[in-house]
Amino acid sequence: MDHSVLYERAKRVMPGGVNSPVRAFKAVGSTPLFIQRANGSKIYDINNREYIDYVCSWGPIILGHNHPEIVESITDILHYGLSFGAATVNEVLMAELITSIVPNVDMVRMVNSGTEAVMSAIRLARGYTGKDKIIKFEGCYHGHSDSMLVKAGSGALTLSSPDSLGVTEGTAKDTLVAVYNDTESVEKLFNQYEGQIAAVIVEPVAANMGVVPPEKEFLTKLRELCDKNNALLIFDEVITGFRLCIGGAQEFYNVKADLVTYGKIIGGGMPVGAYGGRREIMEFVSPEGGVYQAGTLSGNPIAMAAGYAQLRILNENREIYEKIDATAKRMEDGFKSIAEELALPLCVNRVGSLIGVFFTNEKVDNFKKAKTSDTKLYAKYFNSMLKEGIYLAPSQFEAMFVSYSHTEEDIDKTLYSTKKVLSGLKN
Ligand SMILES: *Cc1c(COP(=O)(O)O)cnc(C)c1O
């Protein structure tokens, strides 16, 4: 089957031919690849061409594609029925597992996506504090709910329309924007809007403007500022949760959040999100409290089976994280020595299994620096790598995800191709 013929058909019946913008490959000036199947660290297109996959469904696939235990747990319960809209045992098991693993989360509510998790957590923060305004950081992406589509990262970034049409001024005015890794910018907003700020929401590791790690003390300082101003600290752990380590960023950086949002990994590849936090805050959620939030398919049995299986595997085999970290470090080291050898300006950021490479001389620690990257060069790199059988994120401003199933051979092949491609591009 021909990718471009299929893309033409897709474009006639779907906006941009896709169901999520970044898949359209616009940021790298090409057209989408249609994927048919995947296994381990590899994905295969409709012509059965194999690629080493560093997108990993944008995060959920931390154990690699088609993990047998996850597949088995889904197939086991498929014939029981797909959805009941009623309470089930697996929801209880899932909530017990999450609250037992993650620090500072006494209760959780399952939803169907990261967007929904963040949207609900924001409403809860407002309901709990009785305040309206939220501080977010430029270049951090928190899904596509109206109040979060202000200076957002990810697909919103690469389309160069960070502020979406259709978001009202009324909504946007309650979202204040600070600079990542700059606590002074946060302090200023707290002073300017004294007594009006419900919460600060942050990606503990920014992974939607490429990968930008938090500087030492950044998260601790945010905690202090929130305490001082009676605001909640929300960690958006849709990417970092169960990834940096089993307890996510809270455990990794030893900073307590009041509310935490999850997605991606906790669904094991099924559409799932969740938000959770301290008991006295979560008790504000309906039907216990006055903050309304609901979902016909929330806690769906198949989704719970997939997510539960993945979290249990991670929880019971924590050496998995050491292995992924070592694999990702091999990649980081490789990138750095290639850059040195070719005298190519390249900033390589890595936290655990998240890697970001920026074609710039700058040390990228915020959104402004991320934007100094040569996106045209990234696009060339991406398209040449695809020809080499390596599937990177189709945008400079997305992370590379290394999974448990990536082997040293995968990494070495990726580095070999990187060197070949970049030497060619330099000349
Ligand atoms: C992906 C992402 C979201 C949105 O999740 P969806 O499941 O795509 O709605 C929110 N926050 C962060 C940090 C994300 O990376």
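Reading guide: rules and limits
- Residues numbered from 1 in each chain as written.
- Predicted model: local features only at pLDDT ≥ 70, side-chain atom pairs only at ≥ 80, totals over all residues.
- Heavy atoms only, no water.
- UniProt positions renumbered as here; feature names shortened; annotations may be inferred.
- Pairing = 2+ DSSP bridges.
- Helix = DSSP H or I, 4+ residues; strand = E, 2+ residues; numbered from the N terminus.
- Contact = heavy atoms within 4.5 Å.
- Axes fitted to C-alpha atoms, helices over the stretch in contact; angles between N-to-C directions.
- Core = buried A, V, L, I, M, F, W, Y, C linked by side-chain atoms within 4.5 Å.
- Buried < 20%, exposed > 50% of the residue type's maximum accessible area, 1.4 Å probe, protein only.
- Domains from an automatic or database assignment.
- Salt bridge = Lys/Arg side-chain N within 4 Å of Asp/Glu carboxyl O.
- Polar contact = N/O pair within 3.5 Å; in protein donor to acceptor, adjacent residues only side chain to side chain.

In the nomenclature of an unreviewed UniProt entry, the protein chain corresponds to Glutamate-1-semialdehyde 2,1-aminomutase from the organism Acetivibrio clariflavus. Taken directly from UniProt, the Pathway (unreviewed entry) text for the protein chain runs: "Porphyrin-containing compound metabolism; protoporphyrin-IX biosynthesis; 5-aminolevulinate from L-glutamyl-tRNA(Glu): step 2/2." Word for word, the UniProt comment on the protein chain under Subcellular location (unreviewed entry) is "Cytoplasm".

Caption draft 1: Quick peek at the sheet that holds strand 12 (residues 354-358). Spatial strand order, 11-12-14: three strands in an open sheet with antiparallel pairing. Only two strands of the sheet have a single partner each, and these edge strands are strand 11 (347-351) and strand 14 (400-401). Judged from the five bridges that link them, strand 11 and strand 12 form a sheet pairing that is antiparallel. Pairing of Val 351 across the sheet is with Leu 354, part of strand 12. Sheet strands in contact with helix 12 (residues 319-341) are strand 11, strand 12 and strand 14, and its direction is about 170° off that of strand 11.

Caption draft 2: Focus on the nonpolar core. Phe 137, Phe 242 and Phe 335 are the most contacted members of the largest nonpolar core, which totals 117 residues. Counting residues per element, this core draws most heavily on helix 11 (residues 301-316), at 10 residues. Both domains that meet at this core, namely domain 1 (3-66 + 319-426) and domain 2 (68-316), each give it at least three residues. The next biggest cluster of nonpolar side chains, apart from the first, holds 20 residues, and it includes Ala 121, Ile 122, Ala 125 and Ala 198.

Caption draft 3: Layout of the domain arrangement of the protein chain. Taken domain by domain, the protein chain consists of domain 1 (3-66 + 319-426) and domain 2 (68-316). Placing the centre of domain 1 and that of domain 2 at their C-alpha centroids yields a distance of 25 Å. If you look at the interface, domain 1 gives 32 residues, while domain 2 gives 37 residues. Between Glu 215 and Lys 363 there is a salt bridge, with the nearest N and O atoms lying 3.7 Å from each other. Run the count over domain 1 and domain 2 and you get seven residue pairs in polar contact (both at pLDDT 80 or more).

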